[in-house]
Amino acid sequence: MINVALPKGRLGEKVYKMFALCGYECPSILENNRKLIFENEEKGVRYFWVKPSDVSIYVERGAADIGVCGKDILLEYEPDVYELLDLNIGKCRMAVAGKKDFYDDNTQTLKVATKFVNVAKKYYSGKCRDIDIIKLNGSIEIAPILGLSDVIVDIVETGTTLKENDLEVKEEIFPISARLIANKASFKFKTAEIEKIAEFLAEQVKDND
Amino acid sequence: MINYLKNEEKIILSLRALYSKYGYLPYKMNKFEEYDLYAKNKEFLIGEGVITFTDTHGKLLALKPDVTLSIIKNAAESKGVKNKVYYSENVYRISGKTREYKEIMQTGLECVGDLDLYDTYEVITLAKKSLETVSSDYVLEISHMGILSSLIDSVSTNEEFRQEVLDSIKKKSKHEIKAVSQKYGIEKKKTDLLCEFISIYGEPTSVLSRLDKMDVNEEFKLATNELKELVALLDGSVSIDFSIVNDMNYYNGIVFNGFLSGVSECVLFGGSYDKLLSKMGRRSNGIGFAIYTDLLEGINEAQSKFDVDTLLLYSENTKIEALTKEIERLNNMGKSVSAQKSIPEKLRYKEIVEI
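Note that this is a predicted model, so its numbers are computed, not measured.

Draft legend 1. Quick peek at the overall build of chain B. Helix and strand counts for chain B stand at twelve helices and 15 strands. Here the C-alpha coordinates of chain B stretch approximately 90 × 50 × 40 Å along the principal axes. As displayed, chain B has an accessible area near 18,100 Å², and 49% of this comes from carbon and sulfur atoms. Computing the positive centroid from 47 side-chain charges and the negative centroid from 54, chain B places the two 0 Å apart.

Take a look at the structure:
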């Protein structure tokens, strides 16, 4: 039995469809109910929905053998897992954004609001820039507008939210897409099953290109 | 009778018996060691910090974060002689991720001195037997750092590229290797070689035959042959995996990891560390491993339903002689007894006896 952690939300539904197309369907998952775990015994697969940022924790700790999560999560938490495949969906980018008229002249400590503390720290320490990190848990865009921070480090998908709030992307940090990850120990004991799933998914990634 | 030895304690006892059988001597380490020893070799303790404090003379000491360094520091050197020791110690580190202090239980062994192929074989066999002691469902993976380093040397000497590509190899990420190679302008042929390389793992015979087909350089061939010799002795009961990446400044030859079914992380780490020894100005070779025994807590063990067999209730008026006699009687029947004046809230017992 392979345990699969899926990220709750639109991305997770897309990912499930990819798994189903590979022959790992589990129809009960689409029923509208409050169940959290869905199993298809015959196919040897069990799915569960978790908060997207928790997927890597479930996999690293072995509660899930494999899972799908964004590259942003992997770079932020650096879990000790195998990253087997780029699924090429859920594409967006990690970026620095700020008010249109803001210009960083490097003379002051830069105030950075973000959910991704480690990503922001690493990025700015790579540029030797002195920063003051402000950790927020949501509605990051509001921070520069209210003067809480100079810039934000956040995920940008289409840029609509930024535009509507008079903000713009200043720098791109890295591109993001969904990745298939696997627990290292599980991979040793369920090598063939996990390889098979990864291969099937890789085929679909190719077809989608 | 309630089981008074915890599972991991039983395992540690059997491991000690196993290592003694092969002539390994027990090693008891001082709790504190001069910080200098670790400062000089800080990358040896992969990304984890050392807990330090000053002694009464103002000297900086470390709460032992590791046993290997202390053992090799003291190992005698003479031709044909090997120092074989085992240990079972708690070590203390600052976790790389959470920055919290943590205590880790380690049982392991080191073989240091004038080593040959037999010693490598012996240590790996003992690693295998150690895993077998815990469970028959285990995986022991070996790799050769020489194969990895010669391959990467042949691709690029750029230190940043090496770091990033090693990270991708560790994660078995072909797509990351491609991205990194593109970033550093590595030619396609070499990128393909790296991608081919990380898809090689598992059963030794097929792995080795695929390695033979890879044309890299002379060092690659030499390291592959070393791995071959060892695998032939081991009778195919290990698997090969090059995603085991240890620090190349310390580890040079064979490295290995052990996994147990039901434990979600690697429980056994080992390898040969000749480079560490030469950095310390020594001519010896060294190989060893450690098992993180705290990860074995609860493995193969059904949680027991009771804390004691008998709850023996006595009162103010009970004579101590009578109480002692009753406890002895119950003990002789093989029962564990907790003598109490009233029933403790959380104690789980099989029976109550009142006197």
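Draft legend 2. Fine view of the interface of chain A and chain B. In this complex, chain A contributes 23 residues to the contact, which on the side of chain B involves 20 residues. When chain A packs against chain B, the two sides together hide about 1,500 Å² of surface, and 52% of this comes from carbon and sulfur. Broken down residue by residue, the surface that chain A buries against chain B is led by A:Glu83, A:Lys188 and A:Phe189, which jointly contribute 39%. Across the chain A-chain B interface, the total number found is five salt bridges. Between A:Lys71 and B:Glu176 there is a salt bridge, with its nearest N and O atoms 3.3 Å apart. Going through the elements one at a time, helix H3 (71-77), strand E5 (82-86), helix H7 (184-189) and helix H8 (191-208) of chain A are the ones with two or more residues in the side of chain A that touches chain B.

Draft legend 3. Structural view of the nonpolar core. B:Tyr19, B:Ile142, B:Phe197, B:Leu211, B:Phe256 and B:Phe289 are the most contacted members of the largest nonpolar core, which has 88 residues in total. In this structure, this core is formed jointly by two domains, domain 1 (1-136 + 261-305) and domain 2 (138-241) of chain B, each of which donates at least three residues. Discounting chain neighbours no more than four positions away, the residues touching B:Leu211 are B:Ile147, B:Phe197, B:Ile200, B:Phe220, B:Thr224 and B:Phe242. Counting 31 residues, the second-largest nonpolar core is a separate cluster that includes A:Met18, A:Val68, A:Tyr82 and A:Phe187.

Draft legend 4. Representation of the sheet that holds strand E11 (residues 178-182) of chain A. Residue and element names in this part refer to chain A. Judged by pairing direction, the sheet is mixed, and its six strands sit side by side in the order E2-E3-E1-E4-E11-E5 without closing on themselves. On the outer flanks of this sheet lie strand E2 (37-40) and E5, each paired with one strand and no other. Ignoring which end each strand starts from, the neighbouring axes of this sheet average 25° apart. Note: strand E1 (residues 2-7) against strand E3 (residues 45-50), six bridges, orientation parallel. By the bridge assignment for E3, asparagine 3 is matched with arginine 46. Running at roughly 145° to E1, helix H1 (residues 10-21) makes contact with E1, E3, strand E4 (66-70) and E11 of the sheet.

Draft legend 5. Summary view of unusual backbone geometry. Residues and elements named next belong to chain A. Unusually for a residue other than glycine, glutamate 78 sits at a positive phi of about 45°. Along the chain, the position of glutamate 78 falls in the loop between H3 and E5. Residue glutamate 78 is classed as partly exposed on the basis of its relative accessible area of 45%. With a phi close to 55°, cysteine 128 is a non-glycine residue in the positive phi region. Counting through the fold element by element, cysteine 128 comes out in the loop between helix H4 (117-126) and strand E8 (131-135). For cysteine 128, a relative accessible area of 72% puts it in the exposed group.

Draft legend 6. Structural context of the pairing of strand E11 (residues 268-272) of chain B. Residue and element names in this part refer to chain B. Of all five residues making up E11, four are buried, and the element is well covered by its neighbours. Across four bridges, the pairing between strand E10 (residues 254-260) and E11 is antiparallel. Within E11, the position partnered with asparagine 257 by the bridge is phenylalanine 269. Judged from the five bridges that link them, E11 and strand E12 (residues 285-292) form a sheet pairing that is antiparallel. Bridge pairing in E12 links leucine 268 to isoleucine 291.

Scoring rules and cut-offs
- Along each chain, residues carry numbers from 1 onward, in the same order as the chain's sequence is written.
- Note on labels: chains are lettered from A, ligands numbered from 1, in written order.
- With pLDDT at 70 or above as the cut-off, local features in this predicted model cover only qualifying residues; side-chain atom pairs require 80 or more to be listed or tallied, and sums for whole chains, interfaces and linings still use all residues.
- No hydrogens and no water enter the side-chain calculation; it runs on all heavy atoms of the structure.
- A run of DSSP states H or I qualifies as a helix once it reaches four residues; a run of E qualifies as a strand once it reaches two. Both are numbered from the N-terminal end.
- Values of accessible area rely on a 1.4 Å probe in the Shrake-Rupley scheme; residue burial ignores everything except the protein chains shown.
- Positive charges are assigned to Lys and Arg, negative charges to Asp and Glu, while His and the chain termini are left out of the count.
- By convention, the point assigned to a charge is CZ for Arg, NZ for Lys, CD for Glu and CG for Asp.
- Note on contacts: a residue pair qualifies if any of its non-hydrogen atoms lie within 4.5 Å across the two residues.
- A simple way to read buried area is as the amount of 1.4 Å-probe accessible surface that goes missing from two parts once joined, with both sides added.
- Salt bridge criterion: a side-chain nitrogen from Lys or Arg within 4 Å of a carboxyl oxygen from Asp or Glu.
- We call a set of buried Ala, Val, Leu, Ile, Met, Phe, Trp, Tyr and Cys residues a nonpolar core when their side-chain atoms join them within 4.5 Å.
- Burial classes: relative accessible area under 20% of the type maximum marks a residue as buried, over 50% as exposed, and values in between as partly exposed (1.4 Å probe, protein chains only).
- Residue ranges assigned to the domains are those given by an automatic or database domain assignment.
- A pair of strands is considered paired only if DSSP assigns at least 2 bridges between the two.
- An axis is simply a line fitted to the C-alpha atoms; with a helix, the fit covers only the stretch in contact. Between two such axes, the angle follows the N-to-C directions and lies from 0 to 180 degrees.

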